[in-house]
Amino acid sequence: MTVDLTDTASEAAFRAEARAWLRANVPAQPLPSGDTREGFARHVDWERRLHEARWSAVSWPERYGGRDASLWEWLIFEEEYHAAGAPQRVTQNGIFLLAPTLFEFGTDGQRDRLLPRMAAAEDLWCQGWSEPEAGSDLAGIRSTAVRDEAAGGWRLSGQKTWTTRGAFCTHLFGLFRTDPAAARHRGLTYFLVPLDAPGVTVRGFGRLDGDEGFAEVFLSDVFVPDADVLGGVGEGWRVAMATTGSERGLTLRSPGRFLAAADRLVALARSRGSLAPRLRERAVRAWMGARAYHLYTLRDVDALLAGVPAGARSSMNKLFWSELDVDIHEAALEILGPEARVDAAWSRGFLFSLSGPIYAGTNEIQRTIVAERVLGLPRGGG
Amino acid sequence: MRFGWTADQVALREAVRDLLASACPPSVVRAAWPGGDESSVEALWSALTGMGIPGAVGELGLDEVDLVSLLEETGYAAVPLPVVETAAVAAPLLAATGDPGGHLPGILAGRTRVAVAGGLVPYGRRATLVLHLDGPAAWLSTLDGAVDETTVDGSLAAVRVPKPSGEPLTEDAELVGLAADRLALGAAAQLVGLGRRMLDLTVGYVRERRQFGVPVGSFQAVKHHLADALVRLEFAAPAVYAAAWALAGRRPERGRDVSTAVLLATEAAREAARTAIQCHGAIGYTVEYDLHLYAKRAWAVAATCDTDAHLARVAEALDLKGAAA
């Protein structure tokens, strides 16, 4: 039988080891938000502890600081991590988004140079996709990279925005236009940029929850050597799509996160004693949604291991988890009633959940992708 | 952890799909409506019997995991016969109770079909026996005293039968509960299949139908409806397969998982029906076009699912108390 939703002996051992370590090490008091300067520093300390115990990037090869964990084990680690109430991962844009792209498109030299420092939270990566005039329409970016043959590299200019934790990170990965004459999706190149390079200015600003979690990044004639081009000049769109696949799908938003949120919701509902039928139904439906997401990802992992690439299916993940996250938090706020007004974990979680249907490509974009690439509907139209 | 199909399971599913594509096209579903040619419906049962489907659990040795995707295919084809009831519910229950009436050989030979009562008896007019699952006991009755009922899904051949009297088939609450869960799982699997069929029909249609000089499927409003319907179905299906696994292993959480599957599949199929009719426009609101065969079946199957009871069962498994309880 190839359906077996229980852990194998080795998976159970892996789970037990992760659980024991987390129980002994997760801070008893929640850390301050990692989207503030002070909270970010505390989260970086936590990331270094994770790394010392080799839990920061479990699926990576050991030589880069990982454990060579299987995809199943990675899912197990994520379940345990979120169930333990462990801190948010401020390294996520590096470890979960850039790293898969480095494994797919990077050179050995880039991997050897970048991955160990990423796993150790020495380099802290943020994402440089959006610009003031290019959000959902990512191919409309205007920031440029001009060839500097003498220096053996490129000179980057322009502005990136909505860069999560950009004010606290040390490095940025992003798309820049290297061939202004080429068609929109062509002529783009994926660059790796240290934020302390001359010509870079970063300005943080407040998100809906008030934290300084966003930043604008201004680049003026910033030199980047050829060694920091990822995936080839003019190949930026193809390389970036691999990153967005990770962002929309499994690697950024593992089911463990939503299973834990749904369990907290159920615990909240239970603590209220008898619930009105409608609230009880909301809690049940949110819990079932998290379970459906978990089971869907297990099917997905099985398919991935069988060699079926995720492709546009990652847009279905994104639609589902982002709306599920809003549902879970709305249900919690309804159960809390007047207490929902207090600035606390559930109300903050609710505000954050509202970003899910927007970031990583709005859900409207995702629906169009699903319709065109999964269902095969014609492009264009209005 | 593993969550995929074996090569045998895939092969069997494809064989059933191929069989139903030729033996149960829309014309056969139409033939099952009043005034239709019942002989093509009988031929369909013979074809399913030829494949061993009525004896799938006993003779072929299949469990719920093997069976669930076959049942999904019967939903996809809107088979107008009690396949779930006979193969997935009655046959294993009779086997477990020692088959006191000696009905199993007839089932395996394709002579005996068993419908299940639930208010109405769907496919009762095409059945030889009716199974009643009532709390901790189950009865088996004949069709004596059956009265035809007119249904929205005209292919149901539904009847009403008197409440059974006399000796129950079994008073083993666990066996009866298992039979009820198999029936619910079968309904969920059929609903996923029906939803997929309606979505396929709609995708095919909106790619062809042109308005404003372009296929209507190129409009975002249509695309987004269909993407949402697909996502609901795709996220319901694994919950149905997981429930099959829990049932096959008699796992303690099986009640919770079957109810979760039913609730997700019901919602997904209803949304698929609503979306399919809307995206077809006026042609979807006719009986000449095939869509209504599948939409009406989906509503009929969904109506057998007691949503409140399933919600209560998941809530109890989560230890959530209701104000009314």
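Rules used throughout
Residues numbered from 1 in each chain as written. Chains lettered and ligands numbered in written order. Predicted model: local features only at pLDDT ≥ 70, side-chain atom pairs only at ≥ 80, totals over all residues. Heavy atoms only, no water. Salt bridge = Lys/Arg side-chain N within 4 Å of Asp/Glu carboxyl O. Helix = DSSP H or I, 4+ residues; strand = E, 2+ residues; numbered from the N terminus. Buried < 20%, exposed > 50% of the residue type's maximum accessible area, 1.4 Å probe, protein only. Pairing = 2+ DSSP bridges. Axes fitted to C-alpha atoms, helices over the stretch in contact; angles between N-to-C directions. Contact = heavy atoms within 4.5 Å. Lys, Arg positive; Asp, Glu negative; His and termini not counted. Parallel < 35°, antiparallel > 145°, perpendicular 65-115°, else oblique. Nonpolar A, V, L, I, M, F, W, Y, C, P; charged D, E, K, R; others polar. UniProt positions renumbered as here; feature names shortened; annotations may be inferred. Polar contact = N/O pair within 3.5 Å; in protein donor to acceptor, adjacent residues only side chain to side chain. Buried area = accessible area lost by both parts, 1.4 Å probe.

### A word on the pattern of salt bridges
A side chain of one charge can pair with a side chain of the opposite charge if their charged atoms are brought near each other. In the structure shown here, the tally under the stated rule is 55 salt bridges over all chains. With a closest N to O distance of 2.7 Å, R282 of chain A and E334 of chain A form a salt bridge. Of this pair, R282 of chain A sits in helix α8 (residues 277-305) while E334 of chain A sits in helix α9 (residues 313-336), placing them 52 residues apart in sequence. Exposure remark for R282 of chain A: the relative accessible area of 24% places this residue in the partly exposed category. For E334 of chain A, a relative accessible area of 32% corresponds to the partly exposed category. One salt bridge connects R13 of chain B with E73 of chain B, and the closest N-O pair in it is separated by 2.9 Å.

### As for the sheet that holds strand β3 (residues 129-134) of chain B
Pairing between the strands of a sheet is mediated by backbone hydrogen bonds and can be parallel or antiparallel. Residue and element names in this part refer to chain B. Spatial ordering of the open sheet is given by β2-β3-β4, a layout of three strands whose pairing is mixed. Every interior strand has two partners, whereas the edge strands, β2 (114-116) and β4 (137-141), have only one. Pairwise comparison of adjacent strand axes, ignoring direction, gives a mean angle of 25° for this sheet. For β2 and β3, the ladder comprises three bridges, and the chain directions are parallel. Bridge pairing in β3 places V114 opposite L129. Across the sheet, helix α7 (residues 173-208) touches β2, β3 and β4, and the angle it forms with β3 is around 110°.

### A look at the environment of A261 of chain A
Residue and element names in this part refer to chain A. Note that A261 resides in helix α7 (residues 255-271). When its relative accessible area of 4% is taken as the criterion, A261 is described as buried. Sequence-wise, A261 and W287 are 26 residues apart; in three dimensions their C-alpha atoms are separated by 8.8 Å. Setting aside residues no more than four positions away along its own chain, A261 makes contact with I328 and W346.

### Some remarks on the side chain of E78 of chain A
Residues and elements named next belong to chain A. By secondary structure assignment, the location of E78 is in helix α3 (residues 71-83). For the buried E78, which has no salt bridge, the nearest side chain bearing the opposite charge is R89, at an N-O separation of 4.8 Å. Among residues more than four places away in sequence, those in contact with E78 are F96, S254 and G256.

### Things to note about the packing of helix α11 (residues 363-374) of chain A against helix α8 (residues 220-248) of chain B
The interhelical angle for the contact between α11 of chain A and α8 of chain B, taken along N-to-C directions, is 80°, at an axis separation of 8 Å. Of the possible angle classes, the one that applies to α11 of chain A and α8 of chain B is roughly perpendicular. Note on element contacts: α8 of chain B touches α11 of chain A through Q220, K223, H224, A227, D228 and L230 of chain B, opposite E364, R367, T368, V370, A371, E372 and V374 of chain A. A per-class count over the contact of α11 of chain A with α8 of chain B returns five nonpolar, three polar and five charged.

### Brief notes about the UniProt feature "domain: Acyl-CoA oxidase/dehydrogenase middle" (unreviewed entry) in chain A
Within this numbering scheme, the UniProt entry marks residues 126-207 of chain A as carrying the feature "domain: Acyl-CoA oxidase/dehydrogenase middle" (unreviewed entry). In residues 126-207 of chain A, the share of helix is 0% and the share of strand is 44%. The end C-alpha atoms are 16 Å apart.

### Some points on the side chain of Q110 of chain A
All names here are of chain A. Locating Q110 in the fold gives a position in helix α5 (residues 108-119). There is a polar contact of 2.8 Å between the side chain of Q110 and the backbone oxygen of V229. Residue contacts for Q110: discarding those within four places in its chain leaves L102, L115, L192, A227, D228, V229 and L230.

### Some thoughts on unusual backbone geometry
Leaving glycine out, the prevailing phi sign among residues is negative, and the prevailing peptide bond configuration is trans. Residue and element names in this part refer to chain B. At Y123, a position not held by glycine, the phi torsion is positive, near 65°. Assignment of secondary structure puts Y123 in the loop between β2 and β3. The backbone phi angle of D319 is positive, close to 60°, even though this residue is not glycine. Secondary-structure assignment places D319 in the loop between α11 (307-317) and β9 (321-322). Overall, the relative accessible area of 40% leaves D319 in the partly exposed class.

### Some thoughts on the pairing of β4 of chain B
In regular strands, side chains alternate between the two faces of the sheet. Residues and elements named next belong to chain B. Judged by how many residues are buried, β4 sits mostly within the fold: four of five residues are covered. In this sheet, β4 lies alongside β3 in antiparallel orientation, the contact comprising five bridges. Paired with H132 across the bridge in β4 is W139. Hairpin connection, β3 to β4: the antiparallel pair is bridged by two residues, and G135 has positive phi, about 60°.

### Let's talk about the interface of chain A and chain B
If you look at the interface, chain A gives 53 residues, while chain B gives 50 residues. When chain A packs against chain B, close to 4,900 Å² is buried across both sides, 69% of that on carbon and sulfur atoms. Its largest share of buried area at the contact with chain B, chain A owes to R280, R299 and L375 of chain A, together 13% of the area lost on that side. Remark: the boundary between chain A and chain B carries five salt bridges. For the salt bridge of K223 of chain B with E372 of chain A, the shortest nitrogen-to-oxygen distance reads 2.6 Å. Only β1 (3-4), α1 (9-25), α3, α7, β10 (274-275), α8, α9 and α11 of chain A provide two or more residues apiece to the side of chain A that touches chain B. Looking at which element gives the most residues to the side of chain A that touches chain B, the answer is α8 of chain A, with 15 residues. A per-class count over the side of chain A that touches chain B returns 27 nonpolar, 11 polar and 15 charged.

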